[in-house]
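Single-letter residue listing:
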Amino acid sequence: MELKQYLKIIRKKLWLIALIVVVVCVLVGVKSYVFTTPLYQANAKIIVNQVSKSGGSATVNYSDVQTNIMLINSYKEIIRSAAILNKVVETYPDLKASPREMASNISVSSANNSQVMNLTYVDTSYREAAKKVNAIASVFKDQIPSIMKVDNITILNQAEENASGSPINTNPIVTLLIGFVVSIMLALGLVFLLDYLDQTYKTEAELEEDLGLPVLASVTRIKKSDSKRSRTTKNEKVGEGAYVTSVNQ
């Protein structure tokens, strides 16, 4: 199929493409502005920094660093455990969150070969997210010595509780642009699919092109009003006489 044929198909179904794009964009806009609850993300960083003491001074060696890195995988699970989150609820009752809720909203990550752990909490309020992630980091630091029998946690930085964050799940302009592009792709796909499934011939040119034979005659569609025309008569003169013929139209 040539490019001109594609363009012809698109031009013929342009109304359908426009309708799909408008409907999708309206639905996406309503979803983004009305039915989407903004979510905010707050972060706190802690470092696992166990050191060895030699001659009264603290020194860091390679084995200590490797030990700290290996401990991080265990710490990721401990942070989200009931031992820590139950203690957070007990210590900070004003947070008004259950351990299960905090476990589902807290995530812990760390870069490869890094001793730094990043705690991320997601909530419908940035201030509440900041309070909860700071509380979890603080309780985790206090509880690790009794759980792991080692004091090697330091809080690098806490989330700013008085700051105002930006939602991480709502960007109406970007969402509308994505919806616009996706709707055009869907509309074009539907138009070409409908044209592919349509096996009828619309013009003599299509029939001639497909069969490779010239069209000798065609049956046109007769309007209902034309089929109900009344019988008419006309006079025709032949020589000096005249006669009347009736013609059915």
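Structure: above.
Every chain begins its residue count from 1, and numbering advances along the sequence as written. At least 70 in pLDDT is required for a residue's local features to be given in this predicted model, at least 80 for side-chain atom pairs to be given and counted, and no such filter applies to totals for whole chains, interfaces and linings, which use all residues. Water and hydrogen atoms play no part in the side-chain values, which are based on all heavy atoms of the structure.

### Looking at the pattern of salt bridges
No. 1: For salt bridges, the criterion is a side-chain nitrogen of Lys or Arg within 4 Å of an Asp or Glu carboxyl oxygen. The final tally for this structure, using the stated rule, is two salt bridges.
No. 2: The residue K132 makes a salt bridge to D123 at a minimum N-O spacing of 2.9 Å. Accessibility assignment for this pair places K132 and D123 in one class, buried.
No. 3: Here the residues in one salt-bridge network are E101, D123 and K132, joined through shared partners. Think of it in three bands: residues with accessible area under 20% of the maximum for their type are buried, residues over 50% are exposed, and the middle band is partly exposed, with areas taken using a 1.4 Å probe on protein chains only.

### Re helix α4 (residues 82-91)
No. 1: If you check which residues of α4 are buried, you get I84, L85 and V88. For α4, the angular spread of buried residues about the axis comes to 90°, placing them on one side. Secondary structure elements are taken from DSSP: a helix is a run of H or I of four residues or more, a strand is a run of E of two residues or more, and numbering for both begins at the N terminus. Think of the arc as the fan of directions from the helix axis to the C-beta atoms.

### Brief notes about the sheet that holds strand β1 (residues 40-48)
No. 1: In short, DSSP must find at least two bridges between two strands for them to pair. Read from one edge of the open sheet, four strands run β4-β5-β1-β6, paired in antiparallel fashion. Looking along the sheet, the strands with just one partner apiece sit at the ends: β4 (106-109) and β6 (153-157). Neighbouring strand axes in the sheet, compared pairwise and without regard to direction, differ in orientation by 30° on average.
No. 2: Both β4 and strand β5 (residues 116-123) contribute to a ladder of four bridges, which runs antiparallel. Bridge assignment links S109 to a residue of β5, and that residue is N118.
No. 3: The strands touched by helix α6 (residues 126-148) within the sheet are β1, β4, β5 and β6, with β1 carrying the most contacts at an inclination of about 20°. Orientation is described by lines fitted to C-alpha atoms, with helices fitted over the stretch in contact, and by angles between N-to-C directions that extend from 0 to 180 degrees. For this analysis, residues touch if any pair of their heavy atoms sits within 4.5 Å.

### Some details on a nonpolar patch on the surface
No. 1: Patch definition: residues with relative accessible area over 30% and no salt bridge; like charges joined within 9 Å; nonpolar side chains (Val, Leu, Ile, Met, Phe, Trp, Tyr) joined within 5 Å. Computed with the Shrake-Rupley method and a 1.4 Å probe, the accessible areas treat only the protein chains shown as cover for residues. On the surface, a nonpolar cluster with roughly 840 Å² of combined accessible area is contributed by V22, V26, V30, Y33, V34, F35, I173 and L177.
No. 2: Residue assignment for the nonpolar patch shows that the elements contributing at least two residues are α2 (14-33) and α7 (172-197).
No. 3: When residues in the nonpolar patch are grouped by element, the largest group, four residues, is from α2.

### A word on the packing of α4 against α6
A pair of packed helices can be characterised by two numbers: the angle between their axes and the separation between those axes.
No. 1: Closest axis-to-axis distance for the α4/α6 pair is 9 Å, and the angle between their directions is 120°. What the angle tells us is that α4 and α6 run oblique. Note on packing geometry: the crossing formed by α4 with α6 is right-handed. For the pair α4 and α6, contact is made by I84, L85, K87, V88 and T91 and by A135, I136, V139, F140, Q143 and I147, respectively. Relative orientations are named as follows: roughly parallel for angles under 35 degrees, roughly antiparallel for angles over 145 degrees, roughly perpendicular for angles from 65 to 115 degrees, and oblique for any other angle. Put simply, a crossing is left-handed when the front helix is turned counterclockwise from the back one by less than a right angle, and right-handed when it is turned clockwise.

### Focus on the environment of S166
No. 1: Residue placement: S166 occurs in the loop between β6 and α7.
No. 2: In this structure the C-alpha to C-alpha distance between S166 and Y40, which are 126 residues apart in sequence, comes to 6.4 Å.

### Focus: the nonpolar core
No. 1: In this text, buried Ala, Val, Leu, Ile, Met, Phe, Trp, Tyr and Cys residues form a nonpolar core when linked through side-chain atoms within 4.5 Å. Counting 35 residues, the largest nonpolar core has Y75, M117, L119, I136 and F140 as the members making the most contacts within it.
No. 2: With ten residues, the single largest contributor to this core is α6.
No. 3: Sequence-distant contacts of Y75, defined by excluding residues within four places in its chain, comprise V48, M117, F140, I144, M148, V150, N152 and I153.
No. 4: Listed in part, the seven residues of the second largest apolar core include L16, I20, V21 and A187.

### Considerations on the side chain of N118
No. 1: With respect to the helices and strands, N118 occurs in strand β5.
No. 2: Residue classification places N118 among the buried positions, given a relative accessible area of 16%.
No. 3: In this structure the side chain of N118 is engaged in a polar contact, spanning 3.5 Å, whose partner is the side chain of K45.
No. 4: Leaving out residues up to four positions away in the same chain, N118 has contacts with N43, A44, K45, S107, V108 and S109. Two N or O atoms form a polar contact when they lie within 3.5 Å of each other; inside protein one atom must be a possible hydrogen donor and the other a possible acceptor, and for residues adjacent in sequence the pair counts only when both atoms belong to side chains.

### Focus: the packing of aromatic side chains
Two aromatic rings, taken as a pair, are described by how far apart their centres are and by the angle between their planes.
No. 1: Pairing of aromatic rings covers Phe, Tyr and Trp, the last counted by its six-membered ring, and requires centre-to-centre distances within 6.5 Å; plane angles under 30 degrees mean stacked, over 60 mean edge-to-face, and any other angle means tilted. The final tally for this structure, using the stated rule, is two aromatic pairs.
No. 2: On the numbers, 5.4 Å between centres and 90° between planes, the contact of Y6 with F192 is edge-to-face. Of this pair, Y6 sits in helix α1 (residues 3-12) while F192 sits in helix α7, and the two are 186 residues apart along the sequence.
No. 3: The exposure class assigned to F192 is partly exposed, which follows from its relative accessible area of 27%.
No. 4: On the basis of an interplanar angle of 80° and a centroid distance of 5.5 Å, the ring pair of Y75 and F140 is categorised as edge-to-face. Here F140 lies in helix α6 and Y75 lies in helix α3 (residues 62-79), a separation of 65 residues in the sequence. As far as burial versus exposure is concerned, Y75 and F140 are alike and both buried.

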